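Report on the structure
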Amino acid sequence: KNKKRKEVSKIDHARRRVVHWYGKTCLFWKKGLIPADLLMSFPGERKAKYFLRNFEPLEEANRMIYGANLDVEVFRCLRELYSIEETKPGMCSDDSLGEAHALCPATAAASAG
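Just so you know, these numbers come straight off a predicted model, no measurement behind them.

On to a nonpolar patch on the surface, then. Side chains of Leu27, Phe28 and Leu33 sit close together on the surface and give an oily, nonpolar patch of about 290 Å² of accessible area. Considering the arrangement of structural elements, one finds Phe28 in helix 1 (residues 2-30). Accessibility expressed as a relative area gives 36% for Phe28, which makes it partly exposed.

Structure (structure tokens):
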């Protein structure tokens, strides 16, 4: 049981570090310290979409389960920077996030039932 907690803790810490990195990147862009054309190369739109598709639901779940504050600014910032449309909850065609074949838990649960 302790081993599983340690593994989960490591994964959670890694998630927080990635969200923090994107948050700092957005902050530096907003303050004019990183030019937008540089951010088009790295991390780039594709990685930003991957981040949004995979990390935003985790952050939302964390908020719902633990009552943690959801820092939506990092997600808004990436959508603004890369002109990515916001998807509505439960709608995971992921066309706006790329990879139309991406798994959507809400869709998967509905089709399994």
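Anyway, onward from the coordinates.
What the rule picks out here adds up to one disulfide. Shown here is the disulfide that connects Cys26 with Cys77, its sulfur atoms set 2.5 Å apart. Taking the torsion about the sulfur-sulfur bond, which here is approximately -105°, the covalent link between Cys26 and Cys77 counts as left-handed. Residue Cys26 is located in helix 1, and its partner Cys77 is located in helix 4 (residues 73-82); the two are separated by 51 residues in the primary sequence. Residue Cys26 shares its accessibility class with Cys77, and that shared class is buried.

Moving on, we come to the packing of aromatic side chains. Summed over the entire model, instances satisfying the criterion amount to five aromatic pairs. With a centroid separation of 5.1 Å and 20° between ring planes, the pair formed by Phe51 and Phe55 is classed as stacked. Separated by four residues within a single helix, Phe51 and Phe55 lie in helix 3 (residues 44-66), roughly one turn from each other. Of the two residues, Phe51 and Phe55, neither departs from the other in class, the shared state being buried. What links up through ring pairs into an aromatic cluster is the set Trp21, Tyr22, Phe42, Phe51, Phe55 and Phe75.

This part is about the packing of helix 1 against helix 4. Running from amino to carboxyl end, helix 1 crosses helix 4 at an angle of 55°, the nearest separation of the two axes being 9 Å. Here helix 1 lies oblique to helix 4, going by the angle between them. The interaxial crossing formed by helix 1 with helix 4 has left-handed handedness. Where helix 1 abuts helix 4, its residues Val19, Tyr22, Gly23, Cys26, Trp29 and Lys30 lie against Glu73, Val74, Cys77, Leu78, Glu80 and Leu81.

About the criteria used
The numbering scheme is per chain: residues are counted from 1 as the chain's sequence reads. pLDDT decides what is reported in this predicted model: residues at 70 or higher carry local features, side-chain atom pairs at 80 or more are listed and counted, and totals for whole chains, interfaces and linings draw on all residues regardless. Computation of side-chain values covers all heavy atoms of the structure but excludes hydrogens and water. Grouping into patches uses exposed residues only, defined as over 30% relative accessible area, and leaves out salt-bridged ones; the cut-off is 9 Å for like charges and 5 Å for nonpolar side chains (Val, Leu, Ile, Met, Phe, Trp, Tyr). Working definition of accessibility: Shrake-Rupley area with a 1.4 Å probe, residue cover restricted to the visible protein chains. Salt bridge, as used here, is a side-chain nitrogen of Lys or Arg placed within 4 Å of a carboxyl oxygen of Asp or Glu. Secondary structure counts use DSSP, requiring at least four H or I residues in a row for a helix and at least two E residues in a row for a strand, with both numbered from the N terminus. Burial classes follow relative accessibility: with a 1.4 Å probe on protein chains only, a residue under 20% of its type's maximum area counts as buried, one over 50% as exposed, and anything between as partly exposed. Two cysteine sulfur atoms form a disulfide, by the criterion used here, when they sit within 2.5 Å. Within 6.5 Å between ring centres, the rings of Phe, Tyr and Trp (the latter by its six-membered ring) count as paired, and their orientation is classed by plane angle as stacked under 30 degrees, edge-to-face over 60, tilted in between. Here an axis means a line fitted to C-alpha atoms, over the contact stretch when the element is a helix, while the angle between two N-to-C directions is reported on a 0 to 180 degree scale. Orientation labels follow simple angle bins: below 35 degrees gives roughly parallel, above 145 gives roughly antiparallel, 65 to 115 gives roughly perpendicular, and whatever is left gives oblique. Each crossing gets its hand from how the near helix is turned against the far one by less than a right angle, where anticlockwise is left-handed and clockwise is right-handed. Residue contacts follow a heavy-atom distance rule, with two residues in contact if any of their heavy atoms lie within 4.5 Å.

Purely geometric stuff here, so don't read any function into it on its own.
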